[in-house]
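Coordinate analysis (summary)
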Amino acid sequence: MCGIVGYIGGKNAQDFLISGLKRLEYRGYDSAGIVTLSEDGSATLLRAKGKISNLEEKLAKNKRDDKVGIGHTRWATHGEPSEKNAHPHQAGEIYLVHNGIIENYKELKQQLKEHEFKSETDSEVLAALINSFYKDGKHPLINAVVQALKLAKGTYGIAVVSKLSPDEIVVARSGSPLVIGVGHGETMIASDASALLGHTKQAIYLNDGEVAMIKKDSVEIKTLNAEPVSAKVEEIETNLSAIQKGGYDHFLLKEIMEQPDSLTETLRGRVNIEDGTVRLGGPGLSEGQLRKIKHLIIVGCGTAYHAGLLASYYIEKFTPEITVEPVIASEYRYRQSYIPEDSVALIVSQSGETADTLACLREIKKQGVTTIGIVNAIGSTIAREVDGGTYVHVGPEISVASTKAFTSQVIAMVMFGLTIAQAKGVRSSILKPYVNEIYNLPKMIHETLESVQDAIKNIANKYANYEHGIYLGRDTAYPTAMEGALKLKEISYVDANAYAFGELKHGPLALIDDRFFELALLPKGELYDKAVSNVQEVLARGGHVIAVTNEEKFDLPVDDIIRLNTGDIFAPILMNLVSQLFAYYVTVAKGYDVDQPRNLAKSVTVE
Ligand code: F6R
């Protein structure tokens with residue numbers, strides 16, 4: 001949420017900032033801005049509402065060869081998307097970019113009478129506060145930043161430059177990520193390591209409560225209490241190709257289509273097909289600790305929550321004496337829930353930075369519960385704060401809508417459940433079918449994507465003008481329906497909701513008319529016949545049903561049908577591919593921005 005970049009070195013800072021912002025645009029895209037400083041102390045501030053391309057138009061008329069600067073792409077929290085609310089914000093001689101929320105900005109603003117505020121943002125208040133301590137360069141910039149941050153409540157990742165000291169950038173973080181890229185004679189900063197790719201592979205991840213003074217060939221870090229911190233340089237694992245479209249029209253389609261490979265990465269070294277077991281090293285729990293687990297809490301938001309809900313259905317099926325409680329992080333963090341003894345919490349997050357999920361993690365840890373991360377972004381805050389964890393290793397997800405992460409989150413959690421079941425001595429005849437199908441799932445995903453893509457495109461074109469969608473499923477297909485509905489609404493803006501089939505006649509059946517279509521997920525299995533009866537009830541009321549099934553005997557006179565030729569236990573995962581492609585093609589047919597849907601941003605680092 002909001003992207004930050006910064007550069008100090010020997011190259012053209014404007015070029016670096018613009019290319020870095022383009023890489024981060026998925027984090028927020030309602031306005032953007034950069035400021036660069038020249039050696040003689042003049043500043044060039046450029047800001048524009050909307051996408052980075054608007055900023056580039058301004059840049060074309062204001063080219064400078066400055067070697068230091070900071071930039072920002074915004075997702076609005078305080079104040080509408082506009083040029084005046086775009087960052088960097090100026091106060092006196094300094095400029096600031098900020099990611100996060102300053103909660104006490106109103107109180108602070110009252111005390112900053114000397115500053116003439118030009119925006120409605122909390123970030124400008126922070127800039128003015130820093131400037132009030134800076135006293136036009138009479139104090140070192142870093143000291144002014146520290147003094148201001150001691151008064152600020154909330155979350156921040158910031159970068160600050162001053163016209164009076166154009167050989168340094170000061171950065172700090174509390175709750176919003178900041179990475180420092182170490183190059184040869186140049187240093188860069190970004191809120192996400194992907195902006196640094198192609199420039200350096202060496203990164204320092206700043207921790208909460210740390211502030212750093214960055215020069216072109218040095219990085220000095222200390223805490224807000226002035227204790228020096230020795231910088232740990234880590235290797236960035238992502239490659240440039242992972243953040244490029246690779247011939248696809250959109251990142252979303254690329255990310256849907258790469259699921260056979262991304263899931264293979266999740267499984268690598270973790271499945272032993274010969275003896276039908278799985279092994280996860282990361283959680284770091286002994287057999288004895290696994291055996292003791294009686295209660296699993298699964299915490300996530302949005303798609304990550306749906307992944308947790310789906311995994312909970314599976315884990316309960318094969319693990320005895322265990323209850324699984326999937327929870328929505330933004331709710332759970334404020335509930336007074338009793339956590340039973342012998343609980344373990346799975347903290348699920350693609351970005352590893354989601355504010356609500358992180359807050360839950362911290363609350364749960366305070367209660368002494370072991371926390372295990374199911375995270376994608378390596379080195380992210382959640383990954384660093386959990387007691388143990390399993391990276392899903394799907395590579396960067398650039399499109400705002402989460403797709404490949406979902407599939408791997410579900411399977412990583414099911415594998416964690418399997419390790420508990422193994423430790424509890426569940427018979428291998430019960431567990432082996434799960435392990436076998438997990439092992440074969442990348443291949444099944446590949447076959448499914450190949451076989452359904454064209455049909456789904458045609459069906460999506462047919463339904464693109466419907467106003468409402470109802471997604472239906474039961475058992476494991478119910479969380480899958482929820483995820484499908486979320487995908488459709490977030491990118492195509494079609495109102496879509498999911499219901500458990502059994503709930504239909506308790507209310508939603510009243511909705512059915514020509515403005516609605518119903519997407520029915522019908523995996524083979526125990527509850528198939530019951531779900532089919534529910535479809536009949538919809539058809540009897542004039543519904544427009546698209547059925548997705550792997551049951552050969554399905555023969556209802558629905559409007560459209562997508563047959564899957566594979567999949568058994570994890571058929572809902574394959575059905576979710578159908579929903580992903582359907583949402584994609586509906587959005588393409590409507591001509592909307594697939595990768596950057598309105599009002600949203602990847603990585604929700606504010607509450
Ligand atoms: C939906 C989507 C969001 C995220 C949610 C959690 O497509 O992307 O619902 O799943 O914001 O994000 P992470 O997984 O980064 O914690």
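Below, the structure is looked at part by part.

Reading guide: rules and limits
Residues numbered from 1 in each chain as written. Predicted model: local features only at pLDDT ≥ 70, side-chain atom pairs only at ≥ 80, totals over all residues. Heavy atoms only, no water. Salt bridge = Lys/Arg side-chain N within 4 Å of Asp/Glu carboxyl O. Helix = DSSP H or I, 4+ residues; strand = E, 2+ residues; numbered from the N terminus. Buried < 20%, exposed > 50% of the residue type's maximum accessible area, 1.4 Å probe, protein only. Core = buried A, V, L, I, M, F, W, Y, C linked by side-chain atoms within 4.5 Å. Domains from an automatic or database assignment. Pairing = 2+ DSSP bridges. Axes fitted to C-alpha atoms, helices over the stretch in contact; angles between N-to-C directions. Contact = heavy atoms within 4.5 Å.

1. Remarks on the pattern of salt bridges
Here the structure, examined in full by the defined rule, presents 30 salt bridges. The residue glutamate 385 makes a salt bridge to arginine 362 at a minimum N-O spacing of 2.6 Å. Taken together, the residues span a long stretch of sequence, with glutamate 385 in helix α12 (residues 381-385) and arginine 362 in helix α11 (residues 355-366) at a distance of 23 residues. Since its relative accessible area comes to 31%, arginine 362 is described here as partly exposed. Across the salt bridge formed by aspartate 387 and lysine 365, the nearest N and O atoms sit 4.0 Å from each other.

2. Looking at the nonpolar core
In terms of nonpolar packing, the biggest core is built from 92 residues, with Phe416, Tyr471 and Phe582 touching the most fellow members. Of the residues that make up this core, three or more belong to each of domain 2 (245-426) and domain 3 (445-597).

3. Quick notes on the sheet that holds strand β25 (residues 516-522)
With respect to topology, 5 strands assemble into an open sheet ordered β24-β23-β25-β26-β27, the strand pairing being parallel. Strand pairing shows two members of the sheet lacking a second neighbour, β24 (495-500) and β27 (560-563), which therefore form its edges. Direction aside, neighbouring strands of the sheet carry axes that sit 15 degrees apart on average. Two strands pair when backbone bridges link them, and β25 and strand β26 (residues 545-549) are joined in this way by 5 bridges, in the parallel orientation. The partner of leucine 521 across the bridge, within β26, is valine 548. Contacting β25, β26 and β27, helix α14 (residues 428-463) crosses the sheet at an angle of about 160 degrees to β27.

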